[in-house]
Every structure is written in C-alpha cells, then in structure tokens.
Amino acid sequence: MAKSETQVAIITGSAQGIGKAIASRIAANGVTVVIADLNEKKAQATAAELGGLAVKVDISQEAEVAALVATVMAKYGRIDILVNDAAIVPFVPWSDLTFTEWRRVMAVNVDGLFLMCRAVGDVMKDAGYGRIVNIASNVFVAGTPNLAHYVASKGAVIGFTRALASEVGQFGITVNAVAPGLTESDGVKESPHNEGFGYVVPMQAIDRKGQPEDIAPAVAFLTTEEARWVTGSLLVVDGGHTRH
Ligand code: NAD
Ligand code: 4PL
C-alpha cells in the first residue's frame, strides 16, 4: 500500500487505561493510531471507537514485535510516533517477592520497551524523523512500597530514555519519558492500588484522584513536531504528588 499521508502512531497497552486516553488524544491531532495490546478483544473495541487499527502483540516477544512493525509498515508505510505504555503494574510486598515475579515484570516493562524501541527506532532512523515517549512512573521518585520490581523497571525506563535520546538525536528522533502519579485507570481500579489514593491524594498539590485524561495531553505534546527541542527528558505528571 502507498505511504499514509497522515502521521502514524503505535501506542502499546492502549486497549484500556492511560494508553487508551493517550491514543484518543493523539488521534485528535489527526494521527492514525495503532492500538497494540495483548488484550485482542479490548484492542479491537478501542480501535473501533478511535478509528484506528488494532494489533494483538505481547511486547516481551521479539517475533511478535517484529510482526507488529511489519503489519503497520505494510498497511501504512510509516511510523512517526511510538508511545511505550504497556506494562505490568504489580502489587507484591518485598517479603513475598520472588525471582520469577521479578523476571515477569522485567520481561514486559524493560525487555518489551527495548524490543519496541529496537524495531520502531530503526524504521524512524530510515525516515529521519521520530517521536518516542516512554511511560515511566513517579514511583521512581517516591520509592512507593509493594512494587520494588516495578519501581526498578521504571528506573530502567528513565535511564534508557536518557541514553537512547543521546544516540538517536542525530536521526531526527526525540525520546522522552512521562511519569504519571497514581491514576484511576482500568487496571488500578481492579487492583489494591485503588486503596492508595487515600494517602496519595493528600500529598498532591491538587486535591483529587488523577485520571487517564490528565496524563494524555502531556504525552501528546511530546509526540508533536513542535516538541523538537525536548529530548532525554522526564516530565512528571502527578498533580504535584512529588517534586524534583
Ligand atoms: P492498565 O493495566 O489499565 O493497562 C495496561 C494495558 O497494557 C492493558 O491493556 C494490558 O493488556 C496491556 N499489556 C500488559 N502487558 C502487555 C504486553 N506484554 N504486551 C502488550 N500489552 C500489554 O494500566 P494503566 O494503569 O493504564 O498503566 C499504563 C501505563 O502507565 C503503564 O506503563 C504504567 O506503569 C504507567 N503508570 C500507571 C499509573 C497508575 O496509577 N495507573 C501510575 C504511573 C504510571
Ligand atoms: C503513586 O505507577 O505512581 C501506586 C501503582 N502508587 O503503579 C504506579 C503510585 C502505583 C504510583 C503507582
């Protein structure tokens, strides 16, 4: 197929939650969105709602990531934007944390990020343009309990963002990280994190629960051509929970 006339964005983990809000906000910029998610049914429903393409992918599997990129390139011929949102958000106290569980989280949150940037970054390099936004978390700043492996994985997201930005700036690619605070996403609503609002909200400068729609505009800005001078940065979007 001929190259798409409009920009194309892949947003991983966008079937629901913060990723879905990000896809919706990017679609509002006139960009074609690819809803790349493990949950095929929900991805299809979201793509139907936003007018995008749903692709089932496990980002921790190299072959599946390669197939995702091949599918998008065959259909649209370009990938301008990559938002790495998909992640496992666990709740495991340190006393119960096993190496198996540690590896499970690292496989998605760190290996998946690497695989997506490896595959899509090479397409962007050939095009001489790209915008990559990696979703981190303010747990890296706050040292939030009950998710030590997750906090470590988000530290890796921030470190990798800084280093990758240095190597791909010469190809017209920017790489930034956005760190949301506790947000009332689909995943959080169904997890013990939902109880966390009780102590998080009083620490914020703004006295209410964060919503996925509060995160999306900051991410969307970093995906625009105008954001060209921002790279290697970490933008904390948490209602003022943490300051750094
Ligand atoms: P969520 O659990 O509601 O949604 C995550 C999505 O990722 C799901 O649709 C899931 O199917 C998908 N996914 C999981 N593993 C995948 C895999 N291996 N391959 C492809 N897709 C996969 O999550 P959320 O709360 O919206 O969080 C989204 C992002 O924001 C994550 O990176 C998370 O770490 C980050 N974050 C969330 C919060 C919060 O409080 N909700 C706070 C800070 C950061
Ligand atoms: C403050 O990213 O940022 C709980 C669970 N509490 O996943 C998060 C806070 C969680 C967070 C997060």
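In this text, all values refer to a predicted model and were calculated from it rather than measured experimentally. (Residues numbered from 1 in each chain as written. Chains lettered and ligands numbered in written order. Predicted model: local features only at pLDDT ≥ 70, side-chain atom pairs only at ≥ 80, totals over all residues. Heavy atoms only, no water.)

A. A look at empty space enclosed by the protein. Within the structure shown, the criterion is met by one cavity of 30 Å³ or more. Taken as a whole, the largest cavity spans an internal volume of roughly 80 Å³. In terms of lining residues, the largest cavity is bounded by 14 residues, among which Asn84, Ala86, Asn109, Leu113 and Ile135 are the most central. When contributions to the lining of the largest cavity are tallied by element, the ones reaching two or more residues are α4 (99–127), β5 (130–135) and α6 (148–168). Element by element, the count of residues in the lining of the largest cavity is highest for α4, at four residues. Split by residue class, the lining of the largest cavity holds seven nonpolar, five polar and two charged. (1 Å grid on protein atoms, 1.4 Å probe; cavity = no way out; pocket = protein on both sides within 12 Å on 5 of 7 lines; lining within 4 Å. Points joined across faces, edges and corners; volume = space filled by probe spheres on them. Helix = DSSP H or I, 4+ residues; strand = E, 2+ residues; numbered from the N terminus. Nonpolar A, V, L, I, M, F, W, Y, C, P; charged D, E, K, R; others polar.)

B. Seen up close, the layout of surface pockets. Reported here for the largest pocket is a volume of approximately 1,100 Å³. Considering the residues around the largest pocket, the lining is formed by 49 residues, among which Ala87, Ile88, Val89, Ser185 and Gly187 are closest to the centre. Looking at the lining of the largest pocket, the elements with two or more residues in it are α1 (17–27), β2 (32–37), α5 (139–142), α6, α7 (186–189) and α8 (197–200). With three residues, the single largest contributor to the lining of the largest pocket is α1. Of the pockets and cavities examined, the second largest pocket occupies roughly 300 Å³. Forming the walls of the second largest pocket are 14 residues, and the residues nearest its centre are Arg118, Asp122, Leu164, Glu167 and Val168. Mapped by element, the contributors of at least two residues to the lining of the second largest pocket are α4 and α6.

C. Examining the pairing of β5 more closely. Among the six residues in β5, six count as buried, and that is most of the element. The pairing of strand β4 (residues 81–84) with β5 spans four bridges and is parallel. Considered in β5, the bridge of Asn84 is made with Asn134. Where the polypeptide runs from β4 across α4 and back to β5, its parallel neighbour, the crossover connection is right-handed. In this sheet, strand β6 (residues 173–180) lies alongside β5 in parallel orientation, the contact comprising six bridges. Each bridged residue has a counterpart across the sheet, and for Arg131 the counterpart in β6 is Thr174. (Buried < 20%, exposed > 50% of the residue type's maximum accessible area, 1.4 Å probe, protein only. Pairing = 2+ DSSP bridges. Right-handed = clockwise from strand over helix to strand, strands pointing away.)

D. Geometry of the packing of aromatic side chains. The tally for this structure, following the rule as stated, stands at zero aromatic pairs. In this structure, Lys209 packs its charged tip against the face of Phe197, placed 5.2 Å from the ring centre. (Phe/Tyr/Trp six-rings, centres within 6.5 Å; stacked < 30°, edge-to-face > 60°. Lys NZ or Arg CZ within 6 Å of the ring centre and 35° of its normal.)

E. Seen up close, the sheet that holds β5. The sheet built from seven strands is open, its strands ordered β3-β2-β1-β4-β5-β6-β7 with parallel pairing. Lying at the two open borders of the sheet, with one neighbouring strand each, are β3 (53–56) and β7 (234–237). The mean inter-strand angle of the sheet, taken between neighbouring strand axes irrespective of direction, is 20°. Against the sheet, α1 contacts β1 (8–12), β2, β4, β5 and β6, and its axis sits at roughly 170° relative to β1. (Axes fitted to C-alpha atoms, helices over the stretch in contact; angles between N-to-C directions. Contact = heavy atoms within 4.5 Å.)

F. Focus on the packing of helix α3 (residues 62–76) against α4. Their axes nearest at 9 Å, the elements α3 and α4 cross at an angle of 30°. The pairing of α3 with α4 is recorded here as roughly parallel in orientation. Crossing angle aside, the handedness with which α3 passes α4 is right-handed. Across the interface between the two elements, Glu62, Val65, Leu68, Val69 and Met73 from α3 touch Leu115, Met116, Ala119, Val120 and Val123 from α4. For the contact of α3 with α4, the class distribution of residues is nine nonpolar, no polar and one charged. (Parallel < 35°, antiparallel > 145°, perpendicular 65-115°, else oblique. Left-handed = near helix turned anticlockwise from the far one by under 90°.)

G. Representation of the pattern of salt bridges. Under the definition given, this model contains seven salt bridges. Residues Arg118 and Asp122 are paired through a salt bridge, measuring 2.9 Å at the closest nitrogen-oxygen approach. One end of the pair, Arg118, and the other, Asp122, are both in helix α4, four residues apart, so they sit about a helical turn from each other. On the basis of relative accessibility, which here comes to 34%, the residue Asp122 falls in the partly exposed class. As a salt-bridge pair, Arg208 and Asp214 come within 2.9 Å of each other at their nearest N and O atoms. You can call Arg208 partly exposed: its relative accessible area is 43%. Residue classification places Asp214 among the partly exposed positions, given a relative accessible area of 30%. (Salt bridge = Lys/Arg side-chain N within 4 Å of Asp/Glu carboxyl O.)

Nothing here speaks to function; it is geometry throughout.
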